[in-house]
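One-letter residues, chain by chain:
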Amino acid sequence: MQSIHTFLGQNTENILKDIETLVRLESPSKDAEAINKVQDALQAMLEPFGKAERIVHQLGDILHVQIQGNSSERVVLLGHADTVYPHGTWKNNWRLEGDRVYAPGGYDMKAGIVQAIWALKAVMNEGQRPNCTIDFLVTPDEEIASHAGRPHIERLATGAKAVLVLEPPHLNGDLKVARKGVGGYRVFIRGKAAHQGTEPENGRNAIVSTAHLIGEVIKLQNLEKGTTLGPNVIKGGSAMNVVCDEVYLEIDIRVWTEDEAARVDNAIRAITPLEGTTYEILDGLNRPAMEPSKGTFALLEKAQKIANALGFNPGAARVGGGSDGNFTAKLAPTIDGFGAFGANAHQKELEYIDIPSLAPRAALIAGMLLEV
Ligand SMILES: [Zn+2]
C-alpha cells in the first residue's frame, strides 16, 4: 500500500488537474449535451483500462466501463456526471486557497470519480490488477432522482460482490453505511369555489381541508425512529373573496427503514378529507432506505483496515440524504463516501475539496480494488 500511496501523493497535482478539467466541463442536470462532454472526457480517461459502453438517454448518456480483474466476481464503482449548478458557476468560484480548492460540482462528485480513476492507475502502475472485475458506472441524473441511471445501477449491482459509491464521505471523513430513504408526495386538494360574501355555505374550502391534512400528516412523524414529514411547498387560492377550491402541496418524506416507509405510505393515503373535498396523493418514496447488511459491515472492516494503514480512521456514518447507494444496498453490500474529503456540497461559493486528502483517499479506493 505504501508505494501506491506514494505514487498518488506524487501525482496530487495531476489528480487536481483532472478534477479541474471535469469541473470546467459544467454539467447541470438535464443538459444532456453538457453531461455527454463530461462522459466523453471520462471515457477517454477510462478507456486505457477497459472497454467503454455508452447508453444513450435524453437526460445524458450512461457511461459503463468494465475493467478485467483477477476474478470474474464484480465490484461496482458508482458515480454521477451531473451537478446542481448552472453554466458559468466555475468561472467565479473555482479557486485555490491554501489546502483547499473551491470546486462547484467537484466535491459532489467529480473528484470522487477522478480519485477512482487514479486508484486504478496506481494499481496498474504496480503491475497489478483489481481483485474483482470492475464495473465503473457514471450516471447522468443523480441530482434529479436517477430515473435514467437507476435501471443500470440496479442491473450492475445485482450479483455484485460490493458497490463502492464515490460520493464524498461524511463531513468528519466517515464512510456512509446507511442513508435514509427519501421521497416526496405531491398532493392536489380540491374543494368547491363560491363567493365568500354571498354564499360561503355553498363552498368547500380546500385550504381548510389542507390544514386538516397537514395536521394528520405531522402526526405520522416518528422522530425517535427518524421518520420525518415536511410539508414544505404549498400553493393555492385565487382571491380573498373566493372560497378556495384548489391547493397544491408537496411533502418531503425521510425514513430509516422500509417498514416505516410502508407505514407512512398506507396511513397518508388513508386520511379522510373534510366533507366535500378530495385528496389526490401522487408519488411517495423515490429512493428506498439504504439499510446496512452483514456484508456492509464486513466491507467496512476491510476499508477501515486499509485506511488505518494509510494513517486515517474512518468510522461508520448514518446520514439523512440519499444517493444512488440507496438503490444498491438491497442488492449488494454497499458503502458510500469513497470520494473527496471536503465540505459544502450544493453551495456554489463554498463547495471545496481538501487537497492533502486526495492521495490517501484515492489510495483507500486502490486498496479496496486489490482486496475486495
Ligand atoms: Zn452527488
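Student: Lay out the sheet that holds strand β16 (residues 352-354) with the relevant residues and their values.
Tutor: Taken in spatial order, the four strands of this open sheet run β4-β5-β16-β15, and their pairing is antiparallel. A single partner strand is all that each edge strand has here, and the edge strands are β4 (95-97) and β15 (342-343). For strand β5 (residues 100-102) and β16, the ladder comprises three bridges, and the chain directions are antiparallel. Following the sheet pairing, valine 101 is matched in β16 by isoleucine 353.

Student: So what's going on with the environment of leucine 156? Which residues, and what values?
Tutor: Within the secondary structure layout, leucine 156 lies in helix α6 (residues 150-157). Through-space distance from the C-alpha of leucine 156 to that of phenylalanine 136 is 9.6 Å; in sequence the pair is 20 residues apart. Not counting the four nearest positions on each side in its chain, leucine 156 is found in contact with His64, Arg74, Val76, Asp135 and Leu137.

Student: Quick one: what's the story with the domain arrangement of the chain, residue by residue and with numbers?
Tutor: For the chain, the domain assignment lists domain 1 (2-180 + 290-371) and domain 2 (181-287). Its C-alpha centre places domain 1 at a distance of 38 Å from the equivalent point of domain 2. Interface of domain 1 and domain 2: buried area, both sides summed, is about 1,100 Å²; carbon and sulfur atoms make up 52% of it. Per-residue buried area on domain 1 facing domain 2 is highest for Lys180, Glu291 and Arg318; these three make up 51% of the total on that side. For the pair domain 1 and domain 2, the interface holds three salt bridges. At the level of elements, β8 (175-179), β13 (316-319) and α10 (325-328) are the ones that each hand at least two residues to the side of domain 1 that touches domain 2.

Student: Break down the packing of helix α1 (residues 2-10) against helix α5 (residues 106-125) for me, citing the residues and quoting the values.
Tutor: The interhelical angle for the contact between α1 and α5, taken along N-to-C directions, is 125°, at an axis separation of 10 Å. In terms of orientation, α1 lies oblique with respect to α5. Handedness of the crossing formed by α1 with α5: right-handed. Across the interface between the two elements, Ile4, Phe7 and Leu8 of α1 pack against Trp118, Ala119, Lys121, Ala122, Val123 and Asn125 of α5. Among the residues forming the contact of α1 with α5, the class breakdown is seven nonpolar, one polar and one charged.

Student: Tell me about the nonpolar core, and please be specific about residues and values.
Tutor: Counting residues in hydrophobic clusters, the biggest one holds 70 residues, and the most contacted among them are Leu8, Phe136 and Phe338. Tallying contributions element by element places α5 first for this core, with 12 residues. Dropping the residues within four chain positions of it, phenylalanine 136 is found in contact with Leu46, Leu63, His64, Val65, Ile67, Leu77, Ile113, Ala116, Ile117, Leu120 and Leu166. With 20 residues, the next largest nonpolar core counts Tyr185, Ala206, Val217 and Ile268 among its residues.

Student: Which residues make up helix α2 (residues 12-24), and what values do they have?
Tutor: Taking 1.5 Å per residue, 13 residues should reach 18 Å; α2 reaches 18 Å between its end C-alpha atoms and fits that length. Thr12, Ile15, Leu16, Asp18, Ile19, Leu22 and Val23 are the residues of α2 that are buried. Down the axis of α2, the buried set is contained in an arc of 160°. They therefore lie on one face. Along α2, exposed side chains directed more than 90 degrees from the buried face belong to Glu13 and Lys17.

Student: With reference to specific residues and values, describe the packing of aromatic side chains.
Tutor: The final tally for this structure, using the stated rule, is three aromatic pairs. Between phenylalanine 7 and tryptophan 118, the ring centres sit 6.3 Å apart and the planes meet at 40°, which makes this aromatic pair tilted. One end of the pair, phenylalanine 7, is in helix α1; the other, tryptophan 118, is in helix α5, and 111 residues separate them in sequence. The two residues phenylalanine 7 and tryptophan 118 agree in class, both being buried. Looking at arginine 95, its charged tip hangs above the ring of tyrosine 102, at a distance of 4.0 Å from the centre. In this structure, arginine 318 packs its charged tip against the face of tryptophan 256, placed 4.9 Å from the ring centre.

Student: Give a detailed account of α5, specifying residues and quantitative values.
Tutor: Most of α5 sits out of view: 17 of its 20 residues are buried. Count one or two residues on from α5 and you reach glycine 127, which has phi positive near 75°.

Student: Tell me what's going on with the environment of cysteine 132, and back it up with residues and numbers.
Tutor: Tracing the chain through its elements places cysteine 132 in the loop between α5 and β6 (133-139). Cysteine 132 sits 238 residues away from leucine 370 along the chain, and the two C-alpha atoms are 7.9 Å apart. Once residues within four sequence positions are removed from consideration, cysteine 132 is found in contact with Ile67, Gly69, Ser71, Glu73, Arg74, Val75, Lys161, Leu369 and Val372.

Student: If you had to explain the environment of leucine 220 to someone new, which residues and values would you point to?
Tutor: With respect to the secondary-structure elements, leucine 220 resides in the loop between α7 (206-219) and β10 (228-236). Once residues within four sequence positions are removed from consideration, leucine 220 is found in contact with Thr227, Leu229, Arg263, Val264, Ala267 and Ile268.

Student: Kindly report on the packing of α2 against α5, identifying the contributing residues and their values.
Tutor: Put simply, α2 and α5 touch, their axes get as near as 9 Å, and they point 135° apart. As judged from the angle between their axes, α2 and α5 are oblique. Crossing handedness for the pair α2 and α5: right-handed. Mapping the contact onto sequence places Asn14, Ile15, Asp18, Ile19, Leu22 and Val23 in α2 and Gly106, Lys110, Ala111, Val114, Trp118 and Lys121 in α5. Here the contact of α2 with α5 is composed, by residue class, of seven nonpolar, two polar and three charged.

About the thresholds
Residues numbered from 1 in each chain as written. Predicted model: local features only at pLDDT ≥ 70, side-chain atom pairs only at ≥ 80, totals over all residues. Heavy atoms only, no water. Pairing = 2+ DSSP bridges. Helix = DSSP H or I, 4+ residues; strand = E, 2+ residues; numbered from the N terminus. Contact = heavy atoms within 4.5 Å. Domains from an automatic or database assignment. Buried area = accessible area lost by both parts, 1.4 Å probe. Salt bridge = Lys/Arg side-chain N within 4 Å of Asp/Glu carboxyl O. Axes fitted to C-alpha atoms, helices over the stretch in contact; angles between N-to-C directions. Parallel < 35°, antiparallel > 145°, perpendicular 65-115°, else oblique. Left-handed = near helix turned anticlockwise from the far one by under 90°. Nonpolar A, V, L, I, M, F, W, Y, C, P; charged D, E, K, R; others polar. Core = buried A, V, L, I, M, F, W, Y, C linked by side-chain atoms within 4.5 Å. Buried < 20%, exposed > 50% of the residue type's maximum accessible area, 1.4 Å probe, protein only. Expected span 1.5 Å × (residues − 1). Arc of directions from axis to C-beta. Phe/Tyr/Trp six-rings, centres within 6.5 Å; stacked < 30°, edge-to-face > 60°. Lys NZ or Arg CZ within 6 Å of the ring centre and 35° of its normal.

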